[in-house]
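# Coordinates in review
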Amino acid sequence: MRAGGQGRVKRHHETHRSGRAGWLRAAVLGSDDAIVSTSSLMIGVAASSASKSAILIAGIAGLVAGAMSMAVGEYVSVSSQRDAEEADIEREKHELASTPEAELSELASIYVKRGLDKELAMNVAEQLSLADRLGAHMRDELGIEQGTRARPLQAAWISAASFASFSLLPIAALLVAPTDLRMPVIALLSLGSLAALGAFGGYLGGAPMGRAALRVTIGGGVAMTVTAAIGRLLGVSVG
């Protein structure tokens, strides 16, 4: 409170985005990959002069296979990260039980490196250890926070759901596009969606939206161009 009792101290609230890292990564990866891979697949098939039904089947097959692949891939990848975290935590538990004094000194030395004097660093280490000894070591020694720990199932279902949902965009573009404009409509809708997703992902992550939109749009455009060229080449060769 200010001198004379005037005014009140306002609560200071900050919004940090690091806690979103796990699900945000899975959602953005799933949605971007869905649009790029499904639209590229459909454009490649369309470039070979295939029928609308063949292009549609390719798109649906890409949706199902991609969603399953994303789910399995994310689950395996994030599970490996989770296993590594669990191993570190178990090792830390053993060290805390067998050499508590050494671990306390190690924690204090971390705070000394961050700028505290030795006496204050030891006091801080002792106080934090009394409140939550393992939590203090997880956070300050291992760099593991409960709120940002790897969650395999969360990553798997978010990736699969994102992929399946956004794969519908190029499929919808095929269904509404005139016969002679299938490829341009699929490409334009897909690239526009990629740009919007890139900008939104940048916004959620606190990064520049324009740069995020540009890099994912360029990547998607390159993928579509390459698959279109391959589809046209194969279509001519087979024909």
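Residues numbered from 1 in each chain as written. Predicted model: local features only at pLDDT ≥ 70, side-chain atom pairs only at ≥ 80, totals over all residues. Heavy atoms only, no water.

In this section: the overall build of the protein chain. Helix and strand counts for the protein chain stand at seven helices and zero strands. Traced from its N-terminal end to its C-terminal end, the protein chain shows the element sequence α-α-α-α-α-α-α. Looking at the protein chain as a whole, 35% of its 239 residues are labelled buried. Across the protein chain, every contact between residues at least 6 apart in sequence was considered, and the portion connecting residues at least 24 apart equals 74%. Total accessible area on the protein chain is roughly 14000 Å²; 63% of this is exposed by carbon and sulfur atoms. (Helix = DSSP H or I, 4+ residues; strand = E, 2+ residues; numbered from the N terminus. Buried < 20%, exposed > 50% of the residue type's maximum accessible area, 1.4 Å probe, protein only. Contact = heavy atoms within 4.5 Å. Areas by Shrake-Rupley, 256 points an atom, 1.4 Å probe, with all protein chains shown as cover.)

The tally for this structure, following the rule as stated, stands at three salt bridges. Taking the shortest distance from any N to any O, the salt bridge between E86 and R82 comes out at 3.6 Å. In this pair, E86 and R82 both sit in helix α2 (residues 52-98), four residues apart, roughly one turn of the helix. Under the relative-accessibility criterion, E86 is labelled partly exposed at 30%. The salt bridge involving R91 is made with D88; its shortest N-O contact spans 2.8 Å. Placement of both R91 and D88 in helix α2 is noted, with a separation of three residues, approximately one turn of the helix. Given a relative accessible area of 44%, R91 falls into the partly exposed group. (Salt bridge = Lys/Arg side-chain N within 4 Å of Asp/Glu carboxyl O.)

Let us now look at the nonpolar core. In this structure, M42, I43, I55, L174, I186, L194 and M224 are the most contacted members of the largest nonpolar core, which totals 18 residues. Per element, the largest residue contribution to this core is six residues, and it comes from helix α1 (residues 21-47). Setting aside its immediate chain neighbours within four residues, M224 contacts S39, S40, I43, A187, S190, L191 and L194. Grouped together as the second largest cluster of nonpolar side chains are eight residues, L107, A108, Y111 and A125 included. (Core = buried A, V, L, I, M, F, W, Y, C linked by side-chain atoms within 4.5 Å.)

The next subject is the side chain of S31. Among the structural elements, S31 can be located in helix α1. Residue classification places S31 among the buried positions, given a relative accessible area of 4%.

So, on to the environment of K118. The topology assignment puts K118 in helix α4 (residues 118-142). Counting along the chain gives 10 residues from K118 to A108, while the straight-line C-alpha distance between them is 7.4 Å.

For the rest of this paragraph, the subject is the confidence of the model for the protein chain. Counting all residues, the mean pLDDT for the protein chain is 82, and 84% of those residues have values of 70 or more. Confidence, expressed as mean pLDDT per element, reaches its minimum in the protein chain at α4 with 80 and its maximum at helix α5 (residues 152-176) with 90. Note on residues 1-7: pLDDT is under 50 here. Beyond four places in sequence and across chains, it has four contacts. Scored below 50 in pLDDT, residues 12-20 shows 10 contacts in the model against residues more than four places distant or in partner chains. (pLDDT = per-residue confidence, 0-100.)

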